[in-house]
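Below, each chain spelled out in residue letters.
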Amino acid sequence: MAVEEKEKNGTPNALLGIDSESPRRTFSLRYRQAKLYSRRMRQRVVLKNGDCNVVKTNLTKRRLRYLADIFTTLVDIQWRWTLLVFTLSFIMSWLIFAALWFLVCFTHGDLEIENLPDGPMQSSGNFTPCVMEIYNFASCFLFSLETQHTIGYGTRHTTEECPVAIVVMCCQSISGVMIQAFMVGVVFAKLSRPKMRAQTLLFSRNAVICLRDGMLCLMFRVGDMRKSHIINASVRAQIIRTKVTQEGELIQYYQQDLPVGAENGDNSIFFVWPITIVHIVNSASPLYNLSAADILKEKFEIVIILEGTVESTSMTTQARSSYIPTEILWGHRFQNMVSFRKDTATHNIDYSLFDSTYEVDTPLCSARELDEFKRAKEETGETVIQFPPDQILPGLGAYSPLTPSSNGSQDVFGPLLLPPLNAPERPQSRDGRDGDVTKKLLEA
C-alpha cells in the first residue's frame, strides 16, 4: 500500500515521530516514561512559589559582612528575629543609660543614706543631688526610660549641680531618637516591601506546547489577584541547562534568554486580566530541535520573571516561577477564562479555570522537523488539505498532506497531527455513509 511504502522510506510518519499503527499506544508509553522521569528530576533553581533554591556555604567573614549592612539584614530576616532585635534594642539602651545614671549619682554621693531624698541632708536643703528622687538602680532605670521617651512624670529630673548629668541626658535623648527612627524604618520597610505584593501574582501550574498560526509555541499563563494593577508589567524568561562549549568546558547551569511576549509578541503587557505568554519555537529558540519525546529526556528549567511597579506604593516588585520538562504539556491549550456578563455589563474572570487545559491536535516532531516538512511540501508543490469533520480517519489529525500520484489517485503521506487522548470514534457523514475522501484513504 502507498501508506506503508511512504512510511518505510522515512516519509512524514517517521519524520514526525508518529507510530501510524498505534499512535495512542506510543503516546501512552511516553506518558508512562514521563511519570517515571518526574520521579527522578526534582531539582530546581527556582521553586514554584518563587523562592530560589540556593544555599550559600563557606563564606568568609559572613557575619561581619551582614552586620556591615545591618538594615538590609534586619529587613531580610524572619519576623521573629526582627521583633527580637526591636525589643532588645530598646531594653539594652534603657539598661546602659540606667547604669550611667547610677554611676553619676554614685560618684556624686547621691546614693549615700544621709543624701537620699528622705534623708536629713536633702530635707534640710544642705545637699542638692544630680537627679532628684533617686534611691537605687531601679530609680535610675525608671529615669532612663522617662528621659529616652520624653515621658516626664514630673518627680525625677536633673539639676544644675552636675554638668556630667546634663551631658548624659543629651546623649540619651539623641540616641533614643536614632534608635526609634531606625527600628521604625526597619519595621515599615519589612511591612511594605514589594515581595509581599508578589504573593498575589499567579503563574499557571503547567506550561503547554501547541500550534499557533502554524508554528509550535510554548505558552504559560500569568494572572493578578488584586484589583490594583501592576504598572509597566513585563515578562521575561530564561532557560537553565547544561552546555558543553567547543573547547569541552562543561557549564552546568548555563542561562540563556528565552524570547517571550503576549499575544502581540511584546513582553510589556496590559495586566488587567490573566494573559497567556507565548514563546515561538523558531530557529533561534533553544527548544527548536526538541520533539515531544526529546523533552522528556532533557534536563532543563525555564525560569519565568514577572516585573512591574505596584500601583498603590510605586515600588518595583518581582514574581518568579519555573517549569521543568515534566510540567510542560505537549498538545494542550489553555481554556478561556474571561467572559462578558450582560446582566452586570462587566468582564468576568473565572479563576477556577486558571490552570485548566484541553487537548488539541499537535505534531509530535520538533519545530525543526516541522519546518523541514513544510519546506519539502512547498518544493514538491504539494498542498495541505483540510478535511471536513466527518471525513477524519480514526488516529488522524485534522490535517493530512496529500499529493496526486501519476495515475490521478491520491497517496497519503501520513498524519501530521496527533489526535487527543480518548478521542471519539470516527463520526459518520450526515447520510450515515463515510465521506468520499475517507474511502479513498481506506482504499489506499
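In the block above lies the structure referred to throughout.
Just so you know, these numbers come straight off a predicted model, no measurement behind them. (Residues numbered from 1 in each chain as written. Predicted model: local features only at pLDDT ≥ 70, side-chain atom pairs only at ≥ 80, totals over all residues. Heavy atoms only, no water.)

A. Looking closely at helix 11 (residues 367-380). An ideal rise of 1.5 Å per residue puts 20 Å on 14 residues; helix 11 measures up with 20 Å between its terminal C-alpha atoms. Residues A367, E369, L370, F373 and K377 constitute the buried set of helix 11. Along helix 11, the residues classed as buried sweep out an arc of 165° about the axis, all on the same side. Along helix 11, the residues that are exposed and aim more than 90 degrees away from the buried face are E378 and E379. (Helix = DSSP H or I, 4+ residues; strand = E, 2+ residues; numbered from the N terminus. Expected span 1.5 Å × (residues − 1). Buried < 20%, exposed > 50% of the residue type's maximum accessible area, 1.4 Å probe, protein only. Arc of directions from axis to C-beta.)

B. Looking closely at the nonpolar core. Within the largest apolar cluster, 39 residues are counted, with the highest numbers of intra-cluster contacts made by F220, I269 and F271. With five residues, the single largest contributor to this core is strand 4 (residues 230-244). Non-local contacts of F271, meaning those with residues more than four positions away in its chain, are made with L201, V222, G223, D224, H229, I230, A233 and L306. (Core = buried A, V, L, I, M, F, W, Y, C linked by side-chain atoms within 4.5 Å. Contact = heavy atoms within 4.5 Å.)

C. Geometry of helix 9 (residues 163-192). With 30 residues, helix 9 should reach 44 Å at 1.5 Å per residue; the first-to-last C-alpha distance of 44 Å fits that figure. Residues of helix 9 that are buried: A165, V168, Q172, G176, M183, V186 and K190. In the core, the buried residues of helix 9 are packed alongside helix 5 (70-76), helix 6 (79-108) and helix 8 (137-148).

D. Representation of the packing of aromatic side chains within the structure. Scanning the entire structure with this criterion turns up nine aromatic pairs. With 5.2 Å between their ring centres and 65° between their planes, F86 and F90 make a pair best called edge-to-face. Linking F86 with F90, this pair stays in helix 6, spanning four residues, or about one helical turn. Classification of F86 by relative accessible area gives partly exposed; the value is 27%. Between W101 and F143 the ring centres are 4.8 Å apart and the planes differ by 80°, which places this aromatic pair in the edge-to-face class. Separated by 42 residues along the polypeptide, W101 in helix 6 and F143 in helix 8 bring together distant segments of the chain. For the pair W101 and F143, a shared accessibility class is recorded, and that class is buried. (Phe/Tyr/Trp six-rings, centres within 6.5 Å; stacked < 30°, edge-to-face > 60°.)

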